[in-house]
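Below are the chains, spelled out letter by letter.
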Amino acid sequence: MERELHETQVVIKRELCEKPIHIKTESEDFDYPKNMLQDKGGTSTHSDMFDVSIDEKSPITAQSSIHKGDKAHHCDICGKALSNKNALTIHKRIHTGEKPFNCDVCDKSFSRNSVLTRHKRIHTREKPYQCDTCGKSFSQKGPLIRHKCTHTGKKPYECDICGKSFSKSCILTNHVRSHTGEKPYHCDICGKSFSRSGHLNIHKYIHTGGQPYHCDICGKSMSSISKLTVHKRFHTGEKPFQCDVCGKSFSISSHLTAHKYIHTGVKPYPCNICGKSFAVRSKLITHKRIHTGEKPYHCDICGKTLSDPGNLTSHKRIHTGEKPYLCDICGRPFSHSGDLTAHKRIHTGEKPYDCDICGKSFSRRDALTVHIHTHTGEKPYHCDICGKSFSQRRELTTHIRTHTGEKPYHCEICGKSFSQSSDLTRHKYIHTGKKPYSCNICGKTFTVSNKLTIHKRSHTA
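Residues numbered from 1 in each chain as written. Predicted model: local features only at pLDDT ≥ 70, side-chain atom pairs only at ≥ 80, totals over all residues. Heavy atoms only, no water.

Points about the overall build of the protein
Secondary structure summary: the protein contains 15 helices and 30 strands in total. Excluding contacts between residues fewer than 6 apart, the proportion of contacts in the protein whose partners are at least 24 apart in sequence is 13%. As presented, the protein carries roughly 29,900 Å² of accessible surface, and 50% of it is formed by carbon and sulfur atoms. (Helix = DSSP H or I, 4+ residues; strand = E, 2+ residues; numbered from the N terminus. Contact = heavy atoms within 4.5 Å. Areas by Shrake-Rupley, 256 points an atom, 1.4 Å probe, with all protein chains shown as cover.)

A few points about a positive patch on the surface
A grouping of Lys-239, Lys-248, Lys-267, Lys-276, Lys-283, Lys-295, Arg-365 and Arg-393 is seen on the molecular surface, where their side chains present a positively charged patch. Looking at the element boundaries, Lys-248 is found in the loop between strand E15 (241-242) and strand E16 (249-250). The exposure class assigned to Lys-248 is partly exposed, which follows from its relative accessible area of 38%. (Patch = residues over 30% accessible without salt bridge, like charges linked within 9 Å, V, L, I, M, F, W, Y side chains within 5 Å. Salt bridge = Lys/Arg side-chain N within 4 Å of Asp/Glu carboxyl O. Lys, Arg positive; Asp, Glu negative; His and termini not counted. Charge placed at Lys NZ, Arg CZ, Asp CG, Glu CD. Buried < 20%, exposed > 50% of the residue type's maximum accessible area, 1.4 Å probe, protein only.)

Topic: unusual backbone geometry
Look at Asp-107: it is not a glycine, yet its phi comes out positive at around 70°. Relative to the elements of secondary structure, Asp-107 occurs in the loop between strand E5 (101-102) and strand E6 (109-110). The backbone of Arg-125 sits at a positive phi, close to 60°, despite the residue not being glycine.

Some remarks on the pattern of salt bridges
Taken as a whole and judged by the stated rule, the model has 19 salt bridges. Where Arg-401 meets Glu-406, a salt bridge forms, and the shortest distance between an N and an O atom there is 3.7 Å. What makes Arg-401 buried here is its relative accessible area of 9%. Of the residues examined, Glu-406 reaches a relative accessible area of 34% and is grouped as partly exposed. Three or more residues joined by partner-sharing salt bridges are found here, namely Arg-125, Asp-216 and Lys-232.

So, the side chain of Asp-308
Its location among the elements puts Asp-308 in the loop between strand E20 (305-306) and helix H10 (309-320). In this structure, Asp-308 is buried with no salt-bridge partner, the nearest side chain bearing the opposite charge being Arg-289 at 5.0 Å. Within the structure, the side chain of Asp-308 is placed 3.2 Å from the side chain of Thr-286, a separation counted as a polar contact. The residues contacting Asp-308, other than those within four sequence positions of it, are Thr-286, Arg-289 and Tyr-297. (Polar contact = N/O pair within 3.5 Å; in protein donor to acceptor, adjacent residues only side chain to side chain.)

Topic: the environment of Tyr-157
Within the secondary structure layout, Tyr-157 lies in strand E9 (residues 157-158). Setting aside its immediate chain neighbours within four residues, Tyr-157 contacts Lys-164, Ser-165, Phe-166, Ser-167, Lys-168, Ser-169 and Leu-172.

Side note on the environment of Arg-345
For Arg-345, the position within the fold is in helix H11 (residues 337-348). With a relative accessible area of 9%, Arg-345 lands in the buried category. On a C-alpha basis, the gap between Arg-345 and Ser-363 in space is 6.2 Å, while along the polypeptide they are 18 residues apart. The contact partners of Arg-345, leaving out residues within four places of it in the chain, are Lys-248, Glu-350, Pro-352, Tyr-353, Ser-363 and Arg-364.

Observations regarding the confidence of the model for the protein
For the protein, the average pLDDT comes to 79, and 84% of its residues sit at 70 or higher. In this model residues 1-62 is a low-confidence stretch, pLDDT under 50, and it forms 72 contacts with partners more than four residues away in sequence or in other chains. (pLDDT = per-residue confidence, 0-100.)

Things to note about the packing of aromatic side chains
All told, the structure shown has 1 aromatic pair when counted by the stated rule. Residues Phe-234 and Tyr-325 carry aromatic rings whose centres are separated by 5.5 Å and whose planes lie at 75° to one another, so their mutual orientation is edge-to-face. With a gap of 91 residues between them, Phe-234 in helix H7 (residues 225-236) and Tyr-325 in strand E21 (residues 325-326) connect regions that are remote in the sequence. Taking relative accessible area as the criterion, Phe-234 reaches 42% and is therefore assigned partly exposed. (Phe/Tyr/Trp six-rings, centres within 6.5 Å; stacked < 30°, edge-to-face > 60°.)

Notes on the state of the cysteines
As enumerated under the stated definition, the model contains 0 disulfides in all. This cysteine, Cys-327, is not joined by any disulfide, and Cys-330 carries the nearest cysteine sulfur, 3.7 Å off. The class of Cys-327 is buried, set by a relative accessible area of 3%. No disulfide involves Cys-383; its nearest neighbouring cysteine sulfur is the one of Cys-386, lying 3.7 Å away. In this structure Cys-383 comes out as buried when scored by relative accessible area, which is 3%. (Disulfide = S-S within 2.5 Å.)

Shown next as structure tokens:
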């Protein structure tokens, strides 16, 4: 009698798993009673009735082990235990760096096919996952789930060390590493370790110089899609993250988190060397480099090393002359967004930083920091050439140039060089005749803001 291969649904009723699993079976030409295909005792697989065997590769065994928490497969490199062979294969690619799945648009490689599928949506701009509350669309299911928590406020994953709650388990996993110090992702070029794989990928661009994500407005290139998203907000003015205390809005969620500490006064990240505390962990990491002298970021134009990647970006603009941030009131360009924000306060008169000792207000946080040192007498920045101390790091940087003779700021009109960018800016007004600071009482104009400040005193005297 001819046998035919057909698919039979075998229902395995276990205490932990009642999920139907489809397996291929060979049958003779007769009918089985339906109750024979449904296990009553919870242990039989009926493999004696079918020409199949249930082993470790079976979907039934794999599915059951997921529910029971069995982790029989161990990584021979780091010892981590995983629930099935496929998960172990994928995990090992962390160590080997193997990325067998390639994007046919940009040639970027990935360790998992599912990650490649998500990546391709960057090129196609497909966003198949839509929020049924506000209609916002996403290219991945994970961001949609996290986004929905902004409507519900749900944060089901709690850190058992500090009690902080999160909307997703992977975010909790990353957070816990801030307590344990675990950094399982290692750069195979310089050996530096990271707590997140995404941070390692971004770090590698320092070595390769790769920046595959391009802004379609200004053409600027970025090393990650998240940086591109944030960058585009400078063009659109979008600030989706709002403080529920004072209403101030931010383009980056981490900036909102750091801002809220102004209201609460909390600074949860202390330096274990000098005791200074910080509102955000990244500032603590940068601060520690003052003590260690570490400067891992190198300028490929002049070779200068810096302790912070943001400072490297700003430094490179000295060479390129790029000033992408424009004041919409007077048109003055700036190389850094923070300088533009501080500059606008000249026009608005806003001084949000108050000294809690004497009550004096300042338009810039660093100006307040310098001012506080007049009360405390603290001068934490020391010149290792002559030993002179300074209350501000940039004062030390400028001072060191008196020893080295470095003048990195060049006038592209006459070629004259300067040790400070502000000196170059003032010098350029000789060529342009521009006087951007005007008195709102008499209309007189000035090339620098401090001369305007002195002039205004003549009206109030």
